[in-house]
Structures are given as structure tokens and as C-alpha cells.
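Structural characterization, general
Here are the chains, one letter per residue:
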Amino acid sequence: MKNCGDLVDNKSAIVGGVGDMYSEDSATLDQPITPWTISVASGYSLMRDPRYNKGLAFTEKERDAHYLRGLLPPIVLSQELQEKKMMNLIRQYEVPLHRYMAMIGLQETNERLFYKLLIDNVEELLPVVYTPTVGEACQKYGSIFRHSQGLYISLKEKGKILETLKNWPERTVQVIVVTDGERILGLGDLGCQGMGIPVGKLALYTALGGVRPSLCLPITIDVGTNNEKLLNDEFYIGLRQKRATGEEYDELLQEFMYAVKQNYGEKVLIQFEDFANHNAFELLARYSSSHLVFNDDIQGTAAVVLAGLLSALRLLGGTLADHKFLFLGAGEAGTGIADLIALEISEQNGKPIEENRKNIWLVDSKGLIISSRKESLQDFKKPWAHEHEPITGLINAVKAIKPTILIGTSGVGKQFTKEVVEDMASFNKTPLIMALSNPTSQAECTAEEAYTWSEGRAIFASGSPFDPFEYEGKTFVPGQANNAYIFPGFGLGVIMAGSIRVHNGMLLAASKALASQVTEEHYEKGMIYPPLTNIRKISANIAAKVAAKAYELGLASHLPQPEDLVESAEKCMYSPVYRSYL
């Protein structure tokens, strides 16, 4: 079954995962295996290996066969009962960071139980292991650090990055999520403590996209930090120096990119996370033609927002070209979304992308982006500089542009004020308001504010989760434009096809696949995204469409193309069910 990786066969694929090549996962669920580490794992070492540890679920026969007799209490608990027990424990913690630490602790001791919990309770636990709680975890990462979960590549490793990569115990890696910690969510420069982001993202690659955890590698590039609070924090775990820039930074990143390719091959997916604007666009442009690279802040956010817009058209009416967009925020997320919207409109109407940009307006900290500001603008903002008189302040831009769709990517909370929302509602029967900044504290407005100030007429989506809200007897379910809808399935599709590059057509395919999962039942509740409870099915459908586009574009290397890509994606997905060690 070549579409799942070179070493997966049809019989084992249902539990294996992409690129399955280890004894544990190459067996069928009902086939006993021997848990191999350095030698045959047994006794004390077996209980302390998170990949193989089953806690109290080791059977009587397994306890005899692997010298576990007496090392565990006499009771045998099923994985289902362990899951129930762990969820009861997590729910007792009132502080979100304590829940996060409990989940990370479980991941470090019992990998399969961790993923079983996350898959079966995704809506409840996604905010725990990822946004918004991961933001606080990164801020306090030095204080809560207990066990290294990835690779730290600092300026000290310059000249020996390939050697450092070889220290990672897994020889085969298919997905790398890397950050330099300079722009963590809306929290700014957290330096080395940004590691929580790659760790969290890769947990979702496994739980939501089915990529086996052993094939995932979190990496933090540590070039220092400009955060004085961290530099003076005795528990800070990174380099205590100002952030390296210019040639020193570029040389380290270049060595890293080529060492990754040399060590893991042409088809390892490198996902950039939370790089500052000035580096994010440059890195994506520089390496997209030589490496398999993806920037989730630029491309993933764009794809998930475009999916929301495409599904919202069922409620708004018309096509994308009929609407007028106003963005608050012109960084990675804002310009990335705007680019993909313009690209999709061009796909629909056949007109040049430059012409389709005209109904898309962006506001940054200095006001509306217009042509008279062009010389002072960063390169990635220049395509959005339209002819208009100068305007400062969001409310003034709303009054002048009269958008049908308002999108916030500013990273600054409370910017969609009562006046802004009421003005949107004054000239739109159904205003679409997307407050996308993370974490929750940085959202441009809350779901309650959007629904109340628009008198229940707004369609609302946010980056972080908000609870359903009742207004005048009707319950509204806010949409969450969470990148978790896109990147796990997107990555799975790229890997399934053995794609050697990422193409914009694959992003559009992912957006359309997600939008197609929204049903009439969801629309009745004001939802423009499907429930996360179905995320594995959603990811399989996204993976299939992305893989199909890779084959269509001639970028796929796993040949021939499978007849049923959805079925292939589902069979590729990692299963966290305990195995029999006999």
C-alpha cells in the first residue's frame, strides 16, 4: 500500500500510520507483538517507556512474560477504565495550566492513553493541550519544564546541526514543526520557551490527523530573546542573550534547513510556527522551491478562514467576488488570508489576482493601507495598497469601506468595539465577524458581544473557543476558525501522496474539503465550521483532496494513485488502542 508509506501493507495499514516501519504498529490489532526497544523490553524498563507502557492494563500473562510480576498492584484495568479515571482526574483541576500539566505528564508516561483521551474528548481537551492554554504554558515553560520533548537547536550548535539531528532517537521523521519563539500566539517573544507550540501542534498531528507520534519531531531554534523579563528569569531555559539577527540568523537557519533534508530526505514536511513577520515570509519564499515547507500562520490560517468564508456564503449569499473584506491586522495571518481569498476568487472568475484584490482592504497600526503609503510598507503589504484617502482608526475604515466581512488578525484584544459591530450591522443584514486573534484574551471581541451588539444577526467565528450563547431565545454556536481543522489533514495528505512540494492549489483543495463538511443542521445554529467531534473524518477528507491535488499537479511520488483516497487516509491513521505484548 504505497500511498501510506513505503513499508505499510494492506493488512496492517488500519492501525499502522503513515510510513509504518516498527514492529509495534506493523502488526494487526489482534496480532500479539513483542515490544522492542534496545533489546526485548521487560519489567522496569517496559513500564517507563511511554510508547509501550500500559500502566495497570498489562494482563496477567503479560506480567509473567515480561517480568512485571510484583512491580504493579494486582488489579488489571482496561484502557477504557483508565481513560475514565484520567478524565475524572483532569476535570478536578480548576486551573487550565494544571490540566495542561496533567496531560503532558500523561504523554510523557503513557503515550497511547494520552492520544486515546485526546481523540475521544477532542472538544474538551483541545483547548487544554493547545490554544488558549498552551499560551500560558509557553509563558511559564521554564518553571514547569520536566522532560525534553523535542530538539533544541541553539547558536551553540552552529556548524554541527546535522550531528545534533542525529541525536534524536528516531531515524525516520515525516513531520517537523519548528519555531524560533519570536511571535508566540499574541504573546510576543518567548524565546526558547516557545517549544510548547511545536509539541502541541504535533500532538494534534497525531490525534487529529493520524500521523504516528514517532514520525513527528518538535524543534525550537534558539537564537536568544529580546524579552527582558525572560532574560532576568532564573528559571528561563534558553540562551541569555539578545536575539541574533541578519547574517548570523540566516546562516543558522540555512544550515538547519539543509541538515534536515540531508538527514530525513526530500519528503520531510517542515512546518514553520510563530516566526515574526519579517522572518516568516522570507523563510517561506526562500525555501518553498527547494524544500517541502508549510507556514501554518500564513497558509494554515488562510486555508481555515477561507473554508469558513466558503461555507458562510450559504448564509450570506453571492460569491466571494460579491463581498467586500476589511482586515484589522496586516501581518502573517491577515495578508496570508487575503492572498488565498484573492487566489480563490481568481480561480472562480478567471480574472487576474491583482484585480481581485481590489475589494480586500487591510488596516494596520498606522491606518488603512493605501497607495500613498506604499514606499514605507513592508513588501508583503504592498499588494494591498489601494487608492484611497488616508484613514486612521478601525471605526473610520468601517464607515468608509462598508465591508460585508470583518476579519481580525491584529493580536490585540477588544478592537471590535460596540460602535464597530453596530456599524457593521447597520449596513449588513447578516454581518460576518471573525475575531481570530489568540489566545482568548486577545480576541477582537467575544461571541456574546458580537451577537448582542448585532441584535442576533451576526455570523461569528473566533480563533479560540467560545461557549454557545443564547440571545432572545435562540442559541448561537460560535465557529472556531482553528487551524487544527486544516494542518493535520493537510499534512497527512502531503505525506500520503509523497508530495515533494506544497502548492497553493493544495491549500485551496483543503479549504473546499473543510467547507463541504458543514451541513444544514450546522447552519441552523449559525455554525460555519463542522463540530470538532468529527475531526478525524474531516481530516481524512481533507487529506484525500490534498493528495488528489498533489497527484493532479504531478507532485506526488507514491505511485500509483490509490482508487479511494479517503479510505486510504483512514487506513493510514494511527490508532492509540493498547496492543497485546505476547
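Residues numbered from 1 in each chain as written. Predicted model: local features only at pLDDT ≥ 70, side-chain atom pairs only at ≥ 80, totals over all residues. Heavy atoms only, no water.

1. Some remarks on helix H22 (residues 504–515)
Compared with the 16 Å implied by 1.5 Å per residue over 12 residues, the 17 Å span of H22 between its first and last C-alpha is a close match. Counting buried residues along H22, 10 of its 12 residues qualify, which places the element largely inside the surrounding structure. Buried within H22 are the following residues: Gly505, Met506, Leu507, Leu508, Ala509, Ala510, Ser511, Ala513, Leu514 and Ala515. (Helix = DSSP H or I, 4+ residues; strand = E, 2+ residues; numbered from the N terminus. Expected span 1.5 Å × (residues − 1). Buried < 20%, exposed > 50% of the residue type's maximum accessible area, 1.4 Å probe, protein only.)

2. As for the nonpolar core
With 123 residues, the main nonpolar core has Met434, Phe490 and Tyr529 as its most contacted residues. Residues within four places of Phe490 in sequence aside, it is in contact with Phe294, Val502, Met506, Leu507, Ala510, Ile542 and Val546. Within the second largest apolar cluster, 35 residues are counted, among which are Val260, Ala280, Ile298 and Phe380. (Core = buried A, V, L, I, M, F, W, Y, C linked by side-chain atoms within 4.5 Å. Contact = heavy atoms within 4.5 Å.)

3. Some thoughts on unusual backbone geometry
The omega torsion across Thr131 and Pro132 is 10°, close enough to zero to call that bond cis. Across the junction of Leu559 and Pro560, the peptide omega takes the value 0°, indicating a cis bond. Note on placement: Pro560 falls in the loop between helix H24 (535–552) and helix H25 (565–572). Positive phi, close to 60°, is recorded for Glu455, a residue that is not glycine. Secondary-structure assignment places Glu455 in the loop between helix H20 (447–453) and strand E11 (459–462). Residue Glu455 is classed as exposed on the basis of its relative accessible area, which comes to 54%. The phi angle at Glu472 is positive, at roughly 50°, despite the residue not being glycine. Mapped onto the elements of the fold, Glu472 is located in the loop between strand E12 (469–471) and strand E13 (474–476).

4. Points about empty space enclosed by the protein
One pass over the full model with this rule turns up three cavities of 30 Å³ or more. Taken together, Tyr100, Met101, Ile104, Glu108, Tyr141, Ile144, Phe145, Arg146, His147 and Gln149 make up the lining of the largest cavity. By residue number, the principal contributor to the lining of the largest cavity is helix H5 (residues 96–109), which donates four residues. Partitioning the lining of the largest cavity into residue classes produces six nonpolar, two polar and two charged. (1 Å grid on protein atoms, 1.4 Å probe; cavity = no way out; pocket = protein on both sides within 12 Å on 5 of 7 lines; lining within 4 Å. Points joined across faces, edges and corners; volume = space filled by probe spheres on them. Nonpolar A, V, L, I, M, F, W, Y, C, P; charged D, E, K, R; others polar.)

5. Some remarks on the domain arrangement of the protein
If you check the domain split of the protein, you get domain 1 (43–127), domain 2 (148–295), domain 3 (300–481) and domain 4 (485–572). Taking only C-alpha atoms, the centre of domain 2 and the centre of domain 3 are 30 Å apart. Opposite the 11 residues of domain 2 that make contact, domain 3 presents nine residues. For the domain 2 and domain 3 pair, buried surface summed over both sides reaches about 770 Å², with 58% attributable to carbon and sulfur atoms. It is Gly186, Asn277 and Phe281 that lose the most area in domain 2 upon contact with domain 3, and together they represent 57% of the buried surface on that side. Along the contact surface separating domain 2 from domain 3 lie one salt bridge. The interface formed by domain 2 and domain 3 contains three residue pairs in polar contact (both at pLDDT 80 or more). Elements represented by at least two residues in the side of domain 2 that touches domain 3 include exactly helix H14 (277–287) and strand E5 (293–295). With three residues, the top contributor of residues to the side of domain 2 that touches domain 3 is H14. When its residues are assigned to classes, the side of domain 2 that touches domain 3 shows seven nonpolar, three polar and one charged. (Domains from an automatic or database assignment. Buried area = accessible area lost by both parts, 1.4 Å probe. Salt bridge = Lys/Arg side-chain N within 4 Å of Asp/Glu carboxyl O. Polar contact = N/O pair within 3.5 Å; in protein donor to acceptor, adjacent residues only side chain to side chain.)

6. As for the sheet that holds E11
Taken in spatial order, the seven strands make up an open sheet running E8-E7-E6-E9-E10-E11-E14, and their pairing is mixed. Looking along the sheet, the strands with just one partner apiece sit at the ends: strand E8 (367–368) and strand E14 (479–480). In terms of strand pairing, strand E9 (residues 405–408) meets strand E10 (residues 432–435) through four bridges, oriented parallel. Residue pairing in the sheet places Ile407 in a bridge with Met434 of E10. (Pairing = 2+ DSSP bridges.)

7. What about the sheet that holds strand E2 (residues 175–179)?
Taken together, five strands build an open sheet; the order of strands is E1-E3-E2-E4-E5 and the sheet is parallel. With one partner strand each, in any of the chains shown, strand E1 (151–154) and E5 form the two edges of the open sheet. Pairs of neighbouring strands in the sheet enclose a mean axial angle of 25°, with direction left out of account. In terms of strand pairing, strand E4 (residues 269–273) meets E5 through three bridges, oriented parallel. Looking at the pairing, Ile270 lines up with Val293 of E5. (Axes fitted to C-alpha atoms, helices over the stretch in contact; angles between N-to-C directions.)

8. Structural notes on the UniProt feature "domain: Malic enzyme NAD-binding" (unreviewed entry) in the protein
With numbering aligned to this structure, UniProt lists the feature "domain: Malic enzyme NAD-binding" (unreviewed entry) at residues 298–551. The span residues 298–551 carries 44% helix and 12% strand; its end-to-end C-alpha distance comes to 24 Å. (UniProt positions renumbered as here; feature names shortened; annotations may be inferred.)

9. Things to note about the pattern of salt bridges
What the rule picks out here adds up to 34 salt bridges. Across the salt bridge formed by Arg373 and Asp364, the nearest N and O atoms sit 2.8 Å from each other. For Asp364, a relative accessible area of 12% translates into the label buried. Each member of the salt-bridge network shares a partner with another, and the members are Asp180, Glu182, Asp189 and Arg243.

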